[in-house]
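Architecture at a glance
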Amino acid sequence: MTAQKIDGKAIAAALRGRIGDAVSALDKAHGKKPGLAVVLVGEDAASQVYVKNKGIATKEAGMTSLEFRLPADTPEAVLLEQVDALNNDSAVNGILVQFPVPEQMSQQKIIDRINPAKDVDGLNPLNAGRLVSGLSALTPCTPTGSVILAKETLGDLSGKHAVVIGRSNLVGKPVAQLLLNENCTVTLAHSRTADLPAMCRQADILVAAVGIAELVKGDWIKPGACVIDVGINRIDAPERGLDDEGKGKTRLVGDVDFAAASEVAAHITPVPGGVGPMTIACLLKNTLTAFCRQNGFEQPPL
Ligand code: NAD
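In what follows, the accompanying structure is described. All figures in this text were calculated on a predicted structure; none of them were measured in a lab.

**Re the sheet that holds strand 7 (residues 205-208)**
- Strands sit in the order 1-11-8-7-5-6 across an open sheet of six strands; the sheet is parallel. Of all the strands in the sheet, the pair left with one neighbour each is strand 1 (4-5) and strand 6 (185-189).
- Taken together, the five bridges between strand 5 (residues 161-165) and strand 6 define a ladder with parallel strand orientation. The residue of strand 6 that forms the bridge with valine 163 is threonine 187.
- Running over the sheet, helix 6 (residues 141-154) touches strand 7, strand 8 (226-229) and strand 11 (267-268) and is turned about 155° from strand 8.

See the structure below:
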């Protein structure tokens, strides 16, 4: 079998287009646009790229993008004051503090401080608890995007056995909960799971969110499975030669051995171009949802 590649780029672009249409319809009807505030502390190169891309996508969707950049030595109290100011600003519907933050700051304290109604990362314990309780919640972006990809590919997920590898609050746990809400039978596997390959072989839907390059081998995949690879890992690519500075080039791979898994699975996400593009699309989706709820507007279906 040669698996069909799940085109996350195209699915994300279509979702962003629908979000843009909804934003423009709401603006016409009410004269208001959603506002997303992104706070970046420090100079981390990868975070700077993420924040820049989020700003571009936010504006492309017709939303207002606000960026706040604080120096790396900012005391935690100053960042928390910034969060309070954004919580109290009615032009700001969504708040995202780019992680990781410098070590003088507690990530959990920041997550706890963000108004749950503006928590577009979906990490505040109130939103996490609402998700577990099956109540409406702002749900974490990468997990939401992963489940949208599975639904776009398979349709109804009801009754399917989903195995999720990884139990972080950011990815693994919310993916498992979202799949449970789709009526999957869910197994949440992790670093202490006994016989992980045998567990994975039972999966109709396999979600890998570990952070170990090509951990999941071809013979771990159930024939005909749908594989959603969340992992982003940079590995050496000697076959690509040297870069301009004379250093060996690298490339991105997922947590799944893509070539081998493609021989067995029916559907698989590539890395890059699979789950990655869905994260920003779902951030915009959450911002639209937060905006509608804060203003009492009915959210157009996406
Ligand atoms: P994390 O380090 O917080 O969690 C990793 C999880 O993997 C842990 O729960 C751990 O129990 C499990 N694990 C570790 N070793 C294992 C092993 N040998 N076997 C089975 N399970 C094992 O990582 P995270 O934040 O959840 O991210 C996971 C991956 O997803 C990373 O590669 C990260 O870069 C990627 N990611 C991608 C996006 C995206 O936009 N596509 C967003 C967030 C994270």
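After presenting the structure, the write-up continues.
**Some details on empty space enclosed by the protein**
- Under the definition given, this model contains one cavity of 30 Å³ or more.
- Lining the largest cavity are Ile95, Leu96, Val97, Phe99, Ile111, Ile114, Asp119, Asp121 and Leu123.
- At three residues, the largest contribution of residues to the lining of the largest cavity is made by strand 4 (residues 94-97).
- When its residues are assigned to classes, the lining of the largest cavity shows seven nonpolar, no polar and two charged.

**Notes on the environment of leucine 131**
- Position of leucine 131 among the secondary structure elements: in helix 5 (residues 125-132).
- Distance from leucine 131 to methionine 1, taken between C-alpha atoms, is 36 Å for residues 130 residues apart in sequence.
- Ignoring any residue separated from it by four or fewer positions in sequence, one finds leucine 131 in contact with Ala137, Thr139, Pro174, Gln177, Leu178 and Asn181.

**Some points on the packing of helix 2 (residues 45-60) against helix 10 (residues 276-295)**
- For the pair helix 2 and helix 10, interaxial distance at closest approach is 10 Å and the crossing angle is 55°. Relative to helix 10, the element helix 2 lies oblique. In this structure, helix 2 meets helix 10 at a crossing whose hand is right-handed. Across the interface between the two elements, Asn53, Lys54, Ala57 and Thr58 of helix 2 pack against Ile280, Leu283 and Leu284 of helix 10.
- When its residues are assigned to classes, the contact of helix 2 with helix 10 shows four nonpolar, two polar and one charged.

**What to know about the state of the cysteines**
- By the definition in use, this model includes zero disulfides.
- Free cysteine cysteine 282: the closest other cysteine sulfur is in cysteine 141, separated by 6.4 Å.

**What to know about the pattern of salt bridges**
- Enumeration according to the criterion identifies eight salt bridges in this entry.
- Residue glutamate 67 is joined to arginine 69 by a salt bridge in which the shortest nitrogen-to-oxygen separation is 3.0 Å.
- Residue glutamate 67 is classed as partly exposed on the basis of its relative accessible area of 36%.
- Looking at arginine 69, the relative accessible area reads 46%, which means it is partly exposed.

**Focus on helix 3 (residues 76-87)**
- With 12 residues, helix 3 ought to run about 16 Å at 1.5 Å a step, and its terminal C-alpha atoms sit 16 Å apart, in line with that.
- Of all the residues in helix 3, the buried ones are Glu76, Leu79, Leu80, Gln82, Val83, Leu86 and Asn87. Here the buried residues of helix 3 occupy an arc of 155° about the axis, which is enough to place them on one side.
- The secondary structure elements touched by the buried residues of helix 3 are strand 2 (35-41), strand 3 (64-70), strand 4 and helix 4 (107-113).

**Describing helix 1 (residues 8-30)**
- When the terminal C-alpha atoms of helix 1 are compared, their 32 Å separation across 23 residues agrees well with the 33 Å that a helix rising 1.5 Å per residue should span.
- Buried residues along helix 1 sit in contact with helix 6 and helix 10.
- Just downstream of helix 1 lies glycine 31, where phi reads positive at about 65°.

**Details of the nonpolar core**
- Judged by nonpolar contacts, the single largest core of 52 residues is most densely connected at Ile19, Leu179, Val207, Ile228 and Leu288.
- No other element matches helix 10, which puts 10 residues into this core.
- Mapping this core onto the domain boundaries places at least three of its residues in each of domain 1 (30-117) and domain 2 (141-277).
- Discounting residues that sit within four places of it in the chain, leucine 179 has contacts with Val147, Leu157, Ala162, Val164, Cys184, Val186 and Val207.
- By size, the runner-up hydrophobic cluster in this structure holds 19 residues, among which are Ala208, Ile221, Val256 and Ala265.

How each quantity is defined
Residues numbered from 1 in each chain as written. Predicted model: local features only at pLDDT ≥ 70, side-chain atom pairs only at ≥ 80, totals over all residues. Heavy atoms only, no water. Pairing = 2+ DSSP bridges. Helix = DSSP H or I, 4+ residues; strand = E, 2+ residues; numbered from the N terminus. Contact = heavy atoms within 4.5 Å. Axes fitted to C-alpha atoms, helices over the stretch in contact; angles between N-to-C directions. 1 Å grid on protein atoms, 1.4 Å probe; cavity = no way out; pocket = protein on both sides within 12 Å on 5 of 7 lines; lining within 4 Å. Points joined across faces, edges and corners; volume = space filled by probe spheres on them. Nonpolar A, V, L, I, M, F, W, Y, C, P; charged D, E, K, R; others polar. Parallel < 35°, antiparallel > 145°, perpendicular 65-115°, else oblique. Left-handed = near helix turned anticlockwise from the far one by under 90°. Disulfide = S-S within 2.5 Å. Salt bridge = Lys/Arg side-chain N within 4 Å of Asp/Glu carboxyl O. Buried < 20%, exposed > 50% of the residue type's maximum accessible area, 1.4 Å probe, protein only. Expected span 1.5 Å × (residues − 1). Arc of directions from axis to C-beta. Core = buried A, V, L, I, M, F, W, Y, C linked by side-chain atoms within 4.5 Å. Domains from an automatic or database assignment.

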